[in-house]
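Per-entry structural report
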Amino acid sequence: MKKAALYALLPATALLVPLAAGPLTASAEELPPAPKMTKEEFAKAKKIFFNLCAGCHGVLRKGATGPNLEPSFTRKEGTETLKQFIQYGSPAGMPNWGESGELTPEEVDLMARYVQQPPPPPPEFGMPEITKTYQLIVPVDKRPTKKMNDYDIDNIFSVTLRDIGKVALIDGHSKKIITTIDTGFAVHISRLSSSGRYLYTIGRDGWVNLIDLWMKVPKTVAKVRIGLEARSVESSKMKGWEDKYAIAGAYWPPQYVVMDGLTLKPVRIVSTRGYTYDSGEFHPEPRVASIVASHYHPEFIVNVKETGHVLMIDYSKLPNLRVTDIPAERFLHDGGFDRSGRYFLVAANARNTIVVIDTKEDRLVAKVKTSGIKPHPGRGANIIHPKYGPVWATSHIGSEHISFIGTDPEKHPQYAWKEVQVIEGLGGGSLFIKSHPKSKHLYVDAPLNPDKELSGSVAVFNIADLAKEEPQYKVLPIARWANLGAGQQRVVQGEFNKAGDEIWFSVWNKKDKPSAIVVVDDKTLKLKAVIKDPKIITATGKFNVYNTRRDIY
């Protein structure tokens, strides 16, 4: 279903709210008064906003991936218009929280009134507060000196169980749950140490867990809270620095924390508050989005969302840090390396731009405009295009477009850092695109699409067909294969196994209903297995140990 058809699903009032990030500051014109709320209603709405809304709109509601929701904008729309938008969502990536059953009619009304109130100022969370949360549960000298289990660690999947604050470790061979581990709330990503022994998770509530996969039953050996809201964690990958340091970035307070890689003991905390790269305006909430580790230097690459800076953080002289600040583009979000591992491509999604960073020379290479609305690649997909050679691909939250960018300046310089092809997928609401060096296919999801058939399906392109002017795709009905009953299930984030011959998809259901993992044979595109277990609740992200630690995507 294309974008025009998607808009037809919504009442007209649902399209009145701005669908792009708003200006940095709100206007001072006279506004209608805020609707009344009790203290109890306000507290409940504040919690819902943190869980469902703050990631796109910001704690201070100044907007980024989602629009500005300060009262100077929301009160102009009024409660009824806002209710429609929250109820039905939009093709630009706003989930249909009401219609999907995530929010009750009373909660939709509650949130429509809440976003017309001034945003409550959240507290700071500095080193004194971080230190109080730090727990070294198993010291390094008390941990195993060799692997104590029979699992093929490289083929373990870390699966986020979003709403219950856990991850499930699933054996990629038997497809059985090894264990579930308490973590922070709604783990956003799992990352691996360079050695593959340690798993790092970060919850949206800022809790970082360090999990030892060598133990007979893997468990948390250290934990620390680095902020009140967070999205990113990474470990050092440079040769000679493997597993030595870890870093985590916070949405609130806007800061990053460098830690000892084996204990999570905090070493440095640095605020990212500062000025936008283009207009020089001070921003109070420039959140740390994606972080990756350089393979060329002892550096972390930190992307500062609202101000548009890419920070190359040299950790070789800790506690001293040397930072190369690259002005890039505002609203940086997620991204990944090209297949060579040298170039990092990151989406500035509210600017419809992909930023390319050379991690060998620490410089900005290009800013590539995409033809879609709000690119959201996850880590993107690297493929060998039949016409353009090595390319990196991204899908979009706000439209059906899939963009391909040339990534080979040596052998294909005429295509390098250009959008060489644009094709159409299922529709807007895509979050992840995936392929594998051994695969002949490209997979694109659409979990935020308001249409339940589309949000429950995946589009699959044959890579060889991309040479055609309008390549067609095959639709995999993943949610129907899971057979979880009525309701809108969202199929999200394909992840390959170690061998690269099967791809796993999460079927994300409501907290009070079962979720599942659907496994697809990559060669035949046939259903291979459905992993069901009472422990699998609100399954979302999945991270295969081998592919994650080697940046294979």
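Residues numbered from 1 in each chain as written. Predicted model: local features only at pLDDT ≥ 70, side-chain atom pairs only at ≥ 80, totals over all residues. Heavy atoms only, no water.

Looking at the overall build of the chain
In terms of helices and strands, the chain carries 10 helices and 35 strands. Its C-alpha radius of gyration of 22 Å places the chain within 12% of the 24 Å reference for a compact globule of 553 residues. Taking the principal axes of the C-alpha coordinates as reference, the chain spans close to 65 × 55 × 50 Å. Residue burial in the chain is summarised as follows: out of 553 residues, 63% are buried. Long-range pairs, those at least 24 residues apart, make up 56% of the contacts in the chain with a sequence separation of at least 6. Accessible area for the chain stands at about 20700 Å²; split by element, carbon and sulfur atoms hold 53% of it. (Helix = DSSP H or I, 4+ residues; strand = E, 2+ residues; numbered from the N terminus. Rg over C-alpha atoms; globule rule 2.2 N^0.38 Å. Buried < 20%, exposed > 50% of the residue type's maximum accessible area, 1.4 Å probe, protein only. Contact = heavy atoms within 4.5 Å. Areas by Shrake-Rupley, 256 points an atom, 1.4 Å probe, with all protein chains shown as cover.)

Looking at the pattern of salt bridges
Overall, the coordinates contain 28 salt bridges when judged by the stated rule. For Arg363, the salt bridge goes to Asp358, with nearest N and O atoms at 3.8 Å. Within this structure, Glu41, Glu80, Lys83, Asp109 and Arg113 form a network of salt bridges that share partners. (Salt bridge = Lys/Arg side-chain N within 4 Å of Asp/Glu carboxyl O.)

Quick look at the packing of helix α5 (residues 79-88) against helix α6 (residues 105-114)
In a pair of packed helices, the angle between the axes and the distance between the axes together describe the arrangement. For the pair α5 and α6, the least separation of the axes is 8 Å and the interaxial angle reads 125°. Between α5 and α6, the crossing angle belongs to the class labelled oblique. Crossing hand, α5 versus α6: right-handed. Between α5, through Thr79, Leu82, Lys83, Ile86 and Gln87, and α6, the contact on the second element is made entirely by Val108, Asp109, Met111, Ala112 and Arg113. For the contact of α5 with α6, the per-class residue count stands at 5 nonpolar, 2 polar and 3 charged. (Axes fitted to C-alpha atoms, helices over the stretch in contact; angles between N-to-C directions. Parallel < 35°, antiparallel > 145°, perpendicular 65-115°, else oblique. Left-handed = near helix turned anticlockwise from the far one by under 90°. Nonpolar A, V, L, I, M, F, W, Y, C, P; charged D, E, K, R; others polar.)

So, the confidence of the model for the chain
Looking at the chain, the pLDDT average stands at 93 and 94% of residues meet or exceed 70. Counted against residues more than four places away or in other chains, residues 1-28, with its pLDDT under 50, gives 77 contacts. (pLDDT = per-residue confidence, 0-100.)

With respect to the packing of aromatic side chains
What the rule picks out here adds up to 14 aromatic pairs. The interplanar angle of 85° and the centroid separation of 4.8 Å between the aromatic rings of Tyr388 and Tyr415 together place this pair among those described as edge-to-face. Of this pair, Tyr388 sits in the loop between β23 (381-385) and β24 (389-394) while Tyr415 sits in the loop between β25 (401-406) and β26 (419-424), and the two are 27 residues apart along the sequence. Of the aromatic side chains, those joined through ring pairs into one cluster are Trp241, Tyr245, Phe300 and Tyr315. Positioned above the aromatic ring of Trp207 is the side chain of Lys223, whose terminal nitrogen or guanidinium carbon lies 4.9 Å from the ring centre. Stacked on the ring of Tyr251, the Lys or Arg Arg287 has its end atom at 4.5 Å from the ring centre. (Phe/Tyr/Trp six-rings, centres within 6.5 Å; stacked < 30°, edge-to-face > 60°. Lys NZ or Arg CZ within 6 Å of the ring centre and 35° of its normal.)

Some points on the sheet that holds β23
Whether parallel or antiparallel, the strands of a sheet pair through hydrogen bonds between backbone atoms. The strand order β23-β24-β25-β26 describes an open sheet built from 4 strands, whose pairing is antiparallel. Sheet topology places β23 and β26 at the edges, where each strand pairs with a single neighbour. Adjacent strand axes in the sheet meet at a mean angle of 30°, parallel and antiparallel pairs treated alike. (Pairing = 2+ DSSP bridges.)

Focus on the packing of helix α2 (residues 39-52) against α6
It is at 10 Å that the axes of α2 and α6 come closest, and there the two elements cross at 90°. In this view, α2 runs roughly perpendicular relative to α6, as classed from their interaxial angle. Contact residues: Glu41, Phe42, Lys44, Ala45, Lys46, Ile48 and Phe49 in α2; Glu107, Leu110, Met111, Arg113 and Tyr114 in α6. Class assignment of the residues belonging to the contact of α2 with α6 gives a composition of 7 nonpolar, no polar and 5 charged.

Some points on the environment of Pro71
With respect to the element layout, Pro71 can be found in helix α4 (residues 71-77). A sequence separation of 210 residues divides Pro71 from Glu281, and the C-alpha atoms of the two residues are 21 Å apart. Apart from residues no more than four positions distant in its own chain, Pro71 is found in contact with Leu31, Lys76, Val115, Gln116, Gln117, Pro118 and Pro119.

A short note on the nonpolar core
Core analysis: the biggest nonpolar cluster contains 46 residues, and Met111 and Ile226 have the highest contact counts within it. If one sorts the elements of this core by residue count, α6 sits on top with 5 residues. Discounting residues that sit within four places of it in the chain, Ile226 has contacts with Phe125, Ile130, Ile202, Gly206, Val208, Ala248, Gly249, Ala250, Gln255, Val257 and Met259. If you look at the next biggest cluster of nonpolar residues, it comprises 19 residues, including Ala381, Tyr388, Val391 and Ile423. (Core = buried A, V, L, I, M, F, W, Y, C linked by side-chain atoms within 4.5 Å.)

Structural notes on α5
If you check which residues of α5 are buried, you get Thr81, Leu82, Phe85 and Ile86. Angularly, the buried residues of α5 cover 130° about the axis, an arc narrow enough to put them on a single face. Next to the buried residues of α5 lie α4 and α6. Just downstream of α5, Gly89 is the residue with a positive phi angle, here 70°. (Arc of directions from axis to C-beta.)

Re the domain arrangement of the chain
For the chain, the assigned domains read domain 1 (39-116) and domain 2 (425-552). Placing a centre on the C-alpha atoms of domain 1 and another on those of domain 2 gives a separation of 28 Å. Domain 1 puts 11 residues into the contact, and the matching count from domain 2 is 7 residues. For the pair domain 1 and domain 2, the two sides together bury roughly 730 Å², of which 48% comes from carbon and sulfur. In terms of surface lost to domain 2, no three residues of domain 1 exceed Asn96, Ser100 and Glu102, which account for 43% of the buried area on that side. (Domains from an automatic or database assignment. Buried area = accessible area lost by both parts, 1.4 Å probe.)

Some thoughts on the pairing of strand β2 (residues 156-161)
Among the 6 residues of β2, 6 are classified as buried, and the element is accordingly described as predominantly covered. Along β2, one buried face is formed by Ile156, Ser158 and Thr160 and the opposite face, lined by Phe157, Val159 and Leu161, is buried too. By the bridge criterion, 6 bridges tie β2 to strand β3 (residues 166-171) in an arrangement that is antiparallel. Within β3, the position partnered with Ser158 by the bridge is Leu169. Hairpin connection of β2 to β3: 4 residues between the antiparallel strands, including Gly165 at a positive phi of 65°.

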